[in-house]
Each structure stands twice: as C-alpha cells, then as structure tokens.
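Coordinate analysis (summary)
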Amino acid sequence: MAREDQREGRGGRDRRRRDEEPESELVDKLVHINRVAKTVKGGRNFQFAALAVVGDQKGRVGFGQGKAREVPEAIRKATEEAKKTMVRIPLREGRTLHHDVDGRWGAGKVTLRAAPPGTGIIAGGPMRAVLESLGVQDVVAKSVGSSNPYNMIRATFEALKDQESPRTVAAKRGLKVADIVNRRNDGASAPEAIDSQA
C-alpha cells in the first residue's frame, strides 16, 4: 500500500512537471502598477492594480489585470489572467509583422509597421512589452493620443488581431501564396527570403 502511495505521489509530481514545462517558457512583464482607493464609510480602502503581459516569444501573447491589497498578489492575479487570454499572432519569418496595421482603443491609437532585418524594436512603454513578449525582433511602432497603459495595450492587441499571413489571405481569395508575396514592396522582407519564396 505504501508503494502504491509512493507511485501516486511520483505520478503526481511528474504530472506537475509536465504542466509546468510550457509555463516555464513564458515570459511575463509587469507593465504598470497603480495604487487605487475606494472611499467607504470608515475612510479609504487602498488597493494595488497591476497590468501584466505574458508571451512565449514565438507568436503567442496575452495581457491581464489584477487588483489586491498587496502588490505581489495583484501581480500574480494579472499574470494568471494574461496566461488565460493568450492569442496567437502570425509573424513573418518569425521576426516581424506581415503588414502594417493600426489599432485603436478609446483615445489610444497605435500604428505598427513591418521592418527590415536589423531594425530592432522601435516602440515605447507598454507597446514594447507586448512586442518583446510576442517575439517580434524588427518593428517600428508609434503611439498617438492617450498614453494610458491600459488603452495602449488594448489598442496594440486590436492592431495585432488584424494581422493576416499570406497563407490565410491566399486561402480566402483562392490564389497561390507566391502571387500575394510577390506583390509586396514594403522592404521588410529579407532579400534572400523573397528569392526563396518566388
């Protein structure tokens, strides 16, 4: 009987390790912490609101918010929510966007542009956290309007959700991928990549 318990225990531990492996690859970034207050009859209740971004740097990213009386608990809640809301974004050559996109949320407006190799991530604040977690290496981003981190992150996600790979566009239009890729002239593709696709 003791052996059975040990086997169950070992199995439980092994199961836990298997569950943890995918999570260990995830990168989480804390974007913003804000102290918020609620006025009640006896005075004010203070809490901390955290905004976090989680990604696997291979095309999946999510964001979440958490609120608690202690900062670590707020961060934990935000990270958990971010893991649950992860979305997959298609990337070109695993390093940049397929095409330029605009996103808007409230008064926050962002523009994301595909860039040639070696450009790096030209983006600031919350947008940089999202793009780094996503695994983008070359991109030019601009934010106009609200600098509220919540609005900027949501606007960035709205823009990223509009990304479409040539394969999905070709499937919709009934064309070949090569027909769509050859029409590109944005300079964001590496020359050798274009030659190989043609």
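Now for a quick tour of the structure.

What counts and what doesn't
Residues numbered from 1 in each chain as written. Predicted model: local features only at pLDDT ≥ 70, side-chain atom pairs only at ≥ 80, totals over all residues. Heavy atoms only, no water. Pairing = 2+ DSSP bridges. Helix = DSSP H or I, 4+ residues; strand = E, 2+ residues; numbered from the N terminus. Contact = heavy atoms within 4.5 Å. Axes fitted to C-alpha atoms, helices over the stretch in contact; angles between N-to-C directions. Buried < 20%, exposed > 50% of the residue type's maximum accessible area, 1.4 Å probe, protein only.

1. Let's talk about the sheet that holds strand E2 (residues 43-55)
- The antiparallel open sheet is built from four strands, whose spatial order is E1-E2-E3-E4. Of all strands in the sheet, those with a lone pairing partner are strand E1 (27-40) and strand E4 (87-88), marking the two edges.
- Of the strands in this sheet, E1, E2 and strand E3 (60-68) are in contact with helix H3 (residues 125-134), which crosses E1 at around 140 degrees.

2. Details of the side chain of asparagine 151
- Within the fold, asparagine 151 resides in helix H4 (residues 149-161).
- Leaving out residues up to four positions away in the same chain, asparagine 151 has contacts with Trp105, Ala107, Gly108 and Ser146.

3. A short note on the environment of alanine 123
- With respect to the secondary-structure elements, alanine 123 resides in the loop between strand E7 (121-122) and H3.
- Setting aside residues up to four positions removed in sequence, alanine 123 forms contacts with Arg128, Leu131 and Ala141.

4. Points about unusual backbone geometry
- Its identity as a non-glycine residue notwithstanding, glutamine 57 has a phi of 60 degrees, on the positive side.
- Here glutamine 57 shows up in the loop between E2 and E3.
- Located in the positive-phi region is glutamate 93, a residue other than glycine, with phi close to 55 degrees.
- Along the chain, glutamate 93 turns up in the loop between E4 and strand E5 (101-105).
- When its relative accessible area of 35% is taken as the criterion, glutamate 93 is described as partly exposed.

5. Topic: the sheet that holds E7
- Here we have four strands laid out as an open sheet, ordered E5-E6-E8-E7, and mixed in their pairing. With partners counted over all chains shown, the strands left at the sheet margins are E5 and E7, one partner each.
- Sheet strands in contact with H3 are strand E6 (108-114), E7 and strand E8 (139-145), and its direction is about 150 degrees off that of E8.
- On the sheet, H4 packs against E5, E6 and E8 and is oriented at approximately 140 degrees with respect to E5.

6. Some details on the environment of phenylalanine 46
- Structurally, phenylalanine 46 can be placed in strand E2.
- Each C-alpha atom, one on phenylalanine 46 and one on alanine 68, is 8.9 Å from the other, the two residues being 22 residues apart in sequence.
- Those residues in contact with phenylalanine 46, other than ones at most four positions away along the chain, are Arg35, Val36, Ala37 and Arg69.

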